[in-house]
Each structure stands twice: as structure tokens, then as C-alpha cells.
Amino acid sequence: MSDLEFGLDNFGDVPQDDSGALVSHAAAIRQLVDEAVMADQLGVDVIALGEHHRPEYSVSTPETVLAGIATRTSRIRLASGVTVLSSDDPVRVFQRFATVDALSNGRAEVILGRGSFTESFPLFGYDLSDYDVLFEEKIELFVKLLDEKPVTWSGTKRAPLRNAEVFPKTESGRLTTWVGVGGSPQSVVRTAQYGLPLMLAIIGGQPGRFAPYIDLYQRAAAQLGTTAHPVGMHSPGFIADTDEEAKEIYWPHYKIQRDRIGALRGWPPVRRAEFDAEADQGSLYIGSPETVARKIARAVRTLGVGRFDLIYAAGAQPASARLRAVELYGAKVIPMVRDILAG
């Protein structure tokens, strides 16, 4: 699969410095820019930044950070991962990403999602009881905006538009737009309905269990007469020089973050045995470059995806170790995966 693409995803996790202290949110954002510059230099295809509104994350506006990255890079594509469209305004999302597209000479991408975290809803004055209708109406409007023509639209959760022009226009005439899906069949069908590429969030269990979603996407596109694009997947992981080093750097910070989120969602504390099992057989891509490359290649073969994104931080892994993980991904893992799949 020579056309397979590789990305790196980050939610703006606040890392530790060399002394073990958490850095500031501002320093965390600057760290992200440095990691994106390295990824660009090493030939990684995409950097995707997620939107969060919690203290352990530094990125609440991915497109602002992507605009900064745009001015320091030359080829890497600049994506959100995801933009929580339900609690944002589709017109403003389009305008902001069209601006990043201009700054980057056409490298911007937006991945739209409903969001697995809900902090943005009360923060921006939205009612969680409207969770589904907000996304349904707003993605309908956003798809109209992608045509870059005067838009007429009406819904129940936003003021209507009548023959409205939206600026700036992109030079290509089309902003690359994906939909991020965590496992809802309805979301898969909706993505196919609009003819948009599908990005699957595979964050636990065997990757093969997502094969029915890819099949559903392809069948729905065929029945609806739309285009079934190559599907992407993103999964968490971490790379160091050895398997043991990668696990020992990743595990303590992963546990803190996982248990903090789990306490809000009714999950029991994660045990080391579960972590090791997920790293060995599930959807945690943790280890040396060779270990991670072989695991990525298996997942890509199993699902037939066209893009693999590694979420390369989970919690406060040291900034220096994160930069090393980016280096190993670009310099070693990606070439190894290509070699394995070509064999």
C-alpha cells in the first residue's frame, strides 16, 4: 500500500519538563509546534490536533495552533482531530479553516465530530439534550458551505441563512473535510450520505472489530450514490528505543489520565495487566519502532485503511520523550510499515 498515509494526533496534553514538573499551557502549545515541525521534516503526512476544554489539555482551538504550525512547515497537512461541530458555528469553523488553508498553501483539513467529551456544551451555552440534533443540523450546513457558493439554509438551533456568501474562499475551491466516528452506525451512514471521508477512532480492543463499520460505510455510499473514500483510523500509542522503555514512560501518566476520565464515566481504575494486554493484542501501539511498525502493519492489512494516525501522548509524558517518539515514528516506524506491507 504505497499510497498509505501516516499522521500524528495530539490533544494538547500538558507534558512534564526535565525536572518532572508540568509545563504551562502556553509551553505545551509551543512544544506541539516544535513536534509538528519535526514531523514535517521527517515526512509525516498529517498532524491532527484535538479540541478540549479541560485543565490537562492545552488546545481548545486547534485551528489557531495549526495556523502557527503553518508558518513553520512546508508540506505536512494540518488537521483538527476533532473539531466539536455541535458546540461551534459551522460558518466560523469554515472561515477559520479556510484561513489556515490560505496560510499553509492548501494544507488544511477539518475532521468534524460530535465530541466524546461534553465540556464545550455548557461552556458555549448549548444544551446536552440537543446533542444529536445539533450535530445533524450543523453538519448539513457545513456540507453546503463546502461548495463555496451562496448558501440558503434553515434549522432549529441556529439562525437561518438566505443566499449568504462566506469568506474567505479556498484557492482549491474545496476544503478537505472528514468525519470522526467512534462507533455509531448512524454516524457512519451519515458520513457516507454526505460523501465525506471517514476517520475511525479505534482506542481499545482488537482493530478487526471495526471492519463492519468500514463495510457499512462502503455499502451505504454505494446505495446512496456517493463516494466511499479511503478510510482512516487513529489509535493511541507511544514509541521509544525499546519496548520496556516505551511502556515505562507511557504507563504512569496514561493511568492517571485514564482513571481521571474513568471516574467521570463510571469506569473502574485501569490495571497494569489490562494495559499490557491492550499493548500486546489491542489498540495501544506501544514499544520500539519495530514492535509498533509490525502492529500498525497488521491493523492496516486487517482493515484495509488508507491512513493511520498515532495519538502519541496520553497524559504528562516528558516533553523530551514525546519529541523522541515523533522522531522515531517519522524516521523509523513509517519506513518499516511501508517495507512490511510491500513484502
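Below or above, wherever it landed, is the structure these notes cover. Only a predicted model underlies this, so the values are computations on that prediction, with no experimental measurement involved.

**Some remarks on the overall build of the chain**
No. 1: Within the chain, the secondary structure is distributed over 11 helices and 12 strands.
No. 2: In summary, the chain has a C-alpha radius of gyration of 19 Å against a globular reference of 20 Å for 343 residues, a match within 12%.
No. 3: When its C-alpha atoms are laid out on the principal axes, the chain stretches across 60 × 45 × 45 Å.
No. 4: Here the chain holds 343 residues, and the buried ones make up 55% of them.
No. 5: Looking at the chain alone, contacts between residues at least 24 apart form 74% of all its contacts between residues at least 6 apart.

**Quick notes on the packing of aromatic side chains**
No. 1: With the rule as written, the count across this model stands at 13 aromatic pairs.
No. 2: Seen in terms of ring centroids, Tyr250 and Tyr254 are 5.5 Å apart; in terms of plane orientation they differ by 25 degrees. Their pairing is stacked. With Tyr250 and Tyr254 both in helix 8 (residues 243-265) and 4 residues apart, this pair spans about one turn of that helix.
No. 3: Given a relative accessible area of 0%, Tyr250 falls into the buried group.
No. 4: On the basis of relative accessibility, which here comes to 15%, the residue Tyr254 falls in the buried class.
No. 5: Centre to centre, the rings of Tyr254 and Phe275 are 5.5 Å apart; their planes meet at 45 degrees, and the pair counts as tilted. Taken as a pair, Tyr254 in helix 8 and Phe275 in helix 9 (residues 272-281) lie far apart in primary sequence, 21 residues in all.
No. 6: For Phe275, a relative accessible area of 1% corresponds to the buried category.

**Overview of the pattern of salt bridges**
Side chains that differ in sign of charge can pair as their charged atoms come close.
No. 1: Evaluated as defined, the whole model comprises 29 salt bridges.
No. 2: Where Asp280 meets Lys247, a salt bridge forms, and the shortest distance between an N and an O atom there is 3.5 Å. Here Asp280 is found in helix 9, whereas its partner Lys247 is found in helix 8, with 33 residues between them in sequence.
No. 3: Measuring nitrogen to oxygen at the nearest pair gives 3.0 Å for the salt bridge that ties Glu248 to Arg272. One end of the pair, Glu248, is in helix 8; the other, Arg272, is in helix 9, with 24 residues separating them in the sequence.
No. 4: Since its relative accessible area comes to 38%, Glu248 is described here as partly exposed.

**A closer look at the side chain of Ser86**
No. 1: Tracing the sequence through the fold places Ser86 in the loop between strand 4 (83-84) and helix 3 (90-103).
No. 2: Beyond its immediate sequence surroundings of up to four residues, Ser86 is in contact with Gly113, Arg114, Phe121, Tyr126, Tyr131, Leu134, Phe135 and Lys138.

**A short note on helix 8**
No. 1: A rise of 1.5 Å per residue sets the reference length of helix 8, with its 23 residues, at 33 Å; its end C-alpha atoms lie 30 Å apart and thus fit the reference within 8%.
No. 2: Along helix 8, the sharpest kink reaches roughly 35 degrees, centred on Trp251 and followed within four residues by the proline Pro252.
No. 3: Inspection of helix 8 places Ala246, Lys247, Ile249, Tyr250, Trp251, His253, Tyr254, Gln257, Asp259, Ile261 and Gly262 among the buried residues, and these make up the whole buried set.
No. 4: Looking one or two places after helix 8, you find Gly266, whose phi comes out positive at around 80 degrees.

Cut-offs and rules
Along every chain, residues carry numbers that run from 1 in the direction the sequence is written. This being a predicted model, a pLDDT of at least 70 is required before a residue's local features are given, and a value of 80 or more before pairs of side-chain atoms are given or counted; all residues contribute to the totals for chains, interfaces and linings. Note that the side-chain values use all heavy atoms of the structure and ignore hydrogens as well as water. Helix and strand assignments come from DSSP, with helices taken as H or I runs of at least 4 residues and strands as E runs of at least 2, each series counted from the N terminus. As defined in this context, the radius of gyration uses C-alpha atoms, and a globule is described by 2.2 Å times the residue total to the power 0.38. Each residue is placed in one exposure class: buried if its accessible area under a 1.4 Å probe, protein chains only, is under 20% of its type's maximum, exposed if it is over 50%, and partly exposed if it falls in between. Contact criterion: two residues are considered in contact whenever any of their non-hydrogen atoms come within 4.5 Å of each other. Aromatic rings from Phe, Tyr and Trp, taking only the six-membered ring of Trp, are treated as a pair when their centres fall within 6.5 Å; an angle between ring planes under 30 degrees marks them as stacked, one over 60 as edge-to-face, and anything in between as tilted. Put simply, a salt bridge is a Lys or Arg side-chain nitrogen that is within 4 Å of an Asp or Glu carboxyl oxygen. Multiplying 1.5 Å by the helix residue count minus one yields the expected span of that helix. We define the bend at any residue as the angle between the axes fitted to the seven residues before and including it, ending there, and the seven starting there.

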